[in-house]
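Next come the chains, spelled out residue by residue.
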Amino acid sequence: MEDKSNAQGSYDEVLIEDGFYVLKFQNEEDRMVQYTRDINKRFIQFHFCLKGSGAYNFNQGNYSLDVKEENSLLLYNTQLDLPLNLDLNPKSSLVSVVMTLRKFHSLFTAEADYIPFLSADNKEKKYYAQEPFSPSIAVILSQIVNYNLHPSIKSLYVKGKIYELIALYFNRSPNADIEQCPYLADEENVKKIKKAKEIILANMAEPPTLAELSSEVGLSLKRLKEGFKQIYGDSVYSFLFDHKMDYAKRLLETGQYNVNEIGLRVGYSTSSHFIAAFKKKYNTTPKKYLLALAGGTV
C-alpha cells in the first residue's frame, strides 16, 4: 500500500508487519481535513473514531459512511478496491487498522466460524458494520494514540495493543466490556471518569478541585487522575485548559464578545490573565488572532 496522503493532512503510520498497518489520524485544525490513501480489495479495514466525527467517501463522493465519536466501522469487499477517502472534522481523532484478508483469517484459523463474515458462505462477499465500541476499547485506542516510547519498541507496543483491540472488538460474551486498564476495575469506573469530564466542562469557569471532583464521582484521587489520563490522554486540568481555549476562540470568532467578557466566561478574572493563557495555547494574542481572521497581518 503506497502512501497517498494529500497536502491537506498527514497521519502517523505504523507498519506492524507485511500486510498489516495502523494509521492514526488527528485533526487539530479548525477546518475539516481530507486524507486519501490507496487500499485495495486484499485488505480489511477497521476504523475507530476516538473523538469528533468523520465520513468515508466512495464512488467519487456519490456514497459515504459516517463514523462518530466512540463508534467503529468495519469494511471489506473482495470484489472492489476501497481506497481511503476520509473527511475528518475539526478536533477529531481516528485510528484505523488495515490488514490483508489472509492475515486476518490467520488470526482466527481455529475459530473462523465464530466470526460471521469469515464463513465460507460470506468470504466472497462485501461486508460492513457500524457500531459503538466499549469503554475498554476506548482505553486501548487512547493508549495507541498517546504513548511516549523509544522508537525501537514503538512497533512492538502498537502490535500488542492492536491484537488486544481486535480481540475485544470480536468479544461478544456478556463480560465483553470488563475494563482492561489496571487503574479501572470495571466499566462502572469508566463511566465515573466520563462523568468527571462532563462536570469540569459544565463548570469550566469555576471548576471543582481534584479532591472535590473525585468525591463527587466516587473515585479515589489516584484512580481519577490515572483513569482520566488513560481515557483522554491528558491530565484533568490540561484537558480543561485546551477545552477553555478552544471555546474562547470560538467565542472570539462570533464577534459578539470583547476579550474581557470571554475571559470571564472561561474563568479568568482579568483580561491580562486570559490573554496570557490564549497566547500560551495559540502563540498569538486574541486581538492578533481576530486581525488574522479579518485578513490583517499578525
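This is a predicted model, so every value here is computed, not measured. Residue indices begin from 1 for each chain and proceed along its sequence in written order. For this predicted model, a pLDDT threshold of at least 70 governs which residues receive local features, and a threshold of 80 or more governs which side-chain atom pairs are given and counted, while totals over whole chains, interfaces and linings are taken from all residues. The basis for every side-chain value is the complete set of non-hydrogen atoms in the structure, without hydrogens or water.

Participant: Got a minute to help me understand the overall build of the chain in this structure?
Facilitator: Scanning the chain for helices and strands turns up 10 helices and 10 strands. Any residue under 20% of the maximum accessible area for its type is buried, any over 50% is exposed, and the rest in between are partly exposed; the area is computed with a 1.4 Å probe on protein chains only. Counting all 298 residues of the chain, 44% fall into the buried class. The long-range fraction of contacts in the chain, counting pairs at least 24 apart against all pairs at least 6 apart in sequence, stands at 71%. Working note: accessible area of the chain is about 15600 Å², and carbon and sulfur atoms make up 49% of it. Secondary structure counts use DSSP, requiring at least four H or I residues in a row for a helix and at least two E residues in a row for a strand, with both numbered from the N terminus. Pairs of residues are marked as contacts when any of their non-hydrogen atoms sit within 4.5 Å. Methods summary: accessible areas were calculated by the Shrake-Rupley approach with a probe of 1.4 Å, and residue burial reflects only the protein chains presented.

Participant: What's the story with the nonpolar core in this structure? I'm lost.
Facilitator: Proteins that are soluble and globular tend to have nonpolar side chains buried together. Nine residue types can take part in a nonpolar core, namely buried Ala, Val, Leu, Ile, Met, Phe, Trp, Tyr and Cys, and a core is a set of them joined through side-chain atoms within 4.5 Å. One finds Phe46, Phe48, Ile162 and Leu165 to be the most contacted residues of the largest nonpolar core, which totals 30 residues. Ignoring sequence-local partners within four residues, the contact set of Leu165 consists of Phe48, Val97, Ile137, Ile140, Leu141 and Ile144. Ile199, Met245, Leu252 and Phe278 belong to the second largest nonpolar core, which has 29 residues in total.

Participant: Would you explain unusual backbone geometry in this entry?
Facilitator: Glycine aside, a negative phi is what most residues show, and trans is what most peptide bonds show. Even without a glycine there, the phi angle at Glu70 is positive, about 65°. Residue classification places Glu70 among the partly exposed positions, given a relative accessible area of 29%. At Lys91, a position not held by glycine, the phi torsion is positive, near 55°. When you line up the elements, Lys91 lands in the loop between β8 (84–88) and β9 (92–100).

Participant: Mind showing me how you'd approach the packing of aromatic side chains here?
Facilitator: Each aromatic ring pair is described using two quantities: the centre-to-centre distance and the angle formed by the ring planes. For Phe, Tyr and Trp, where Trp contributes only its six-membered ring, two rings pair if their centres lie within 6.5 Å, and the inter-plane angle classes them as stacked under 30 degrees, edge-to-face over 60, or tilted in between. One pass over the structure, following the stated rule, counts 14 aromatic pairs. When the centroid spacing of 5.8 Å and the interplanar angle of 90° are considered together, the rings of Phe48 and Tyr169 count as edge-to-face. With Phe48 in strand β4 (residues 43–51) and Tyr169 in helix α3 (residues 151–169), this residue pair connects regions lying 121 residues apart in the sequence. Residue classification places Phe48 among the buried positions, given a relative accessible area of 0%. Here Tyr169 falls in the buried class, since its relative accessible area comes to 3%. Taking 6.1 Å as the distance between ring centres and 50° as the angle between the ring planes, the aromatic pair formed by Tyr268 and Phe274 counts as tilted. Both residues of the pair, Tyr268 and Phe274, count as buried. Through successive ring pairs, a cluster of aromatic residues spans Phe46, Phe48, Phe104, Phe133, Tyr169 and Phe170.

Participant: Any chance you could explain the pattern of salt bridges here in plain terms?
Facilitator: If charged atoms from side chains of opposite charge come close, those side chains can pair. Definition used for salt bridges: Asp or Glu carboxyl oxygen within 4 Å of a side-chain nitrogen of Lys or Arg. With the rule as written, the count across this model stands at 12 salt bridges. For Lys51, the salt bridge goes to Glu28, with nearest N and O atoms at 3.8 Å. One end of the pair, Lys51, is in strand β4; the other, Glu28, is in the loop between β2 (20–27) and β3 (33–37), with 23 residues separating them in the sequence. Classification of Lys51 by relative accessible area gives partly exposed; the value is 34%. The closest approach of N and O atoms between Asp30 and Lys249, which form a salt bridge, is 2.5 Å. Of this pair, Asp30 sits in the loop between β2 and β3 while Lys249 sits in helix α7 (residues 236–254); the two residues are 219 residues apart in sequence, bridging distant segments of the chain. On the basis of relative accessible area, Asp30 is assigned to the partly exposed category, the value being 45%. Residue Lys249 is classed as buried on the basis of its relative accessible area, which comes to 2%. Through salt bridges with shared partners, a single ionic network connects Asp12, Lys24 and Lys154.

Participant: Help me understand the environment of Leu224, please; the structure alone is not making it clear to me.
Facilitator: Looking at the secondary structure, you find Leu224 in helix α6 (residues 221–232). What makes Leu224 buried here is its relative accessible area of 0%. Expressed as a C-alpha distance, the spacing of Leu224 and Lys192, which sit 32 residues apart in the sequence, is 8.5 Å. For Leu224, the contacting residues outside a window of four places in its chain are Ile193, Ala196, Leu210, Leu213, Ser214 and Leu219.

Participant: In this structure, what is going on with the sheet that holds β8? I would like to understand it.
Facilitator: Each strand in a sheet pairs with another by means of backbone hydrogen bonds, the pair being arranged parallel or else antiparallel. Here four strands make up an open sheet; going across it, the order is β3-β8-β5-β6 and the pairing antiparallel. Each having just a single partner strand, β3 and β6 (63–68) make up the two edges of the open sheet. Each neighbouring strand pair of the sheet contributes to a mean axis angle of 20°, computed without reference to strand direction. For two strands to be treated as a pair, DSSP must find at least two bridges joining them. Geometry is summarised by axes, namely lines fitted to C-alpha atoms with helices restricted to the contacting stretch, and by angles between N-to-C directions that run from 0 to 180 degrees.

Participant: How should the confidence of the model for the chain be read in this particular structure?
Facilitator: The predicted coordinates should not be examined in detail at positions where pLDDT is low. On average, residues of the chain carry a pLDDT of 81, and 82% of them reach 70 or more. The pLDDT value tells you how sure the predictor is about a given residue, anywhere from 0 up to 100. Predicted confidence is poor over residues 1–9, with pLDDT under 50, and the contacts of this stretch with residues over four places away or in other chains come to 24 contacts. Every residue in residues 173–185 scores below 50 in pLDDT, and together they form 31 contacts with partners more than four places removed in sequence or on other chains.

Participant: For this particular structure, what's the right way to read the pairing of β8?
Facilitator: Two faces belong to every sheet, and in a regular strand the side chains alternate between them. Counting buried residues along β8, four of its five residues qualify, which places the element largely inside the surrounding structure. Two elements, β3 and β8, share five bridges in a ladder whose sense is antiparallel. Within the sheet, the bridge partner assigned to Thr36 lies in β8 and is Asn85. Relative to β8, strand β5 (residues 53–58) runs antiparallel, the two being bridged by three bridges. Considered in β8, the bridge of Gly54 is made with Leu88.

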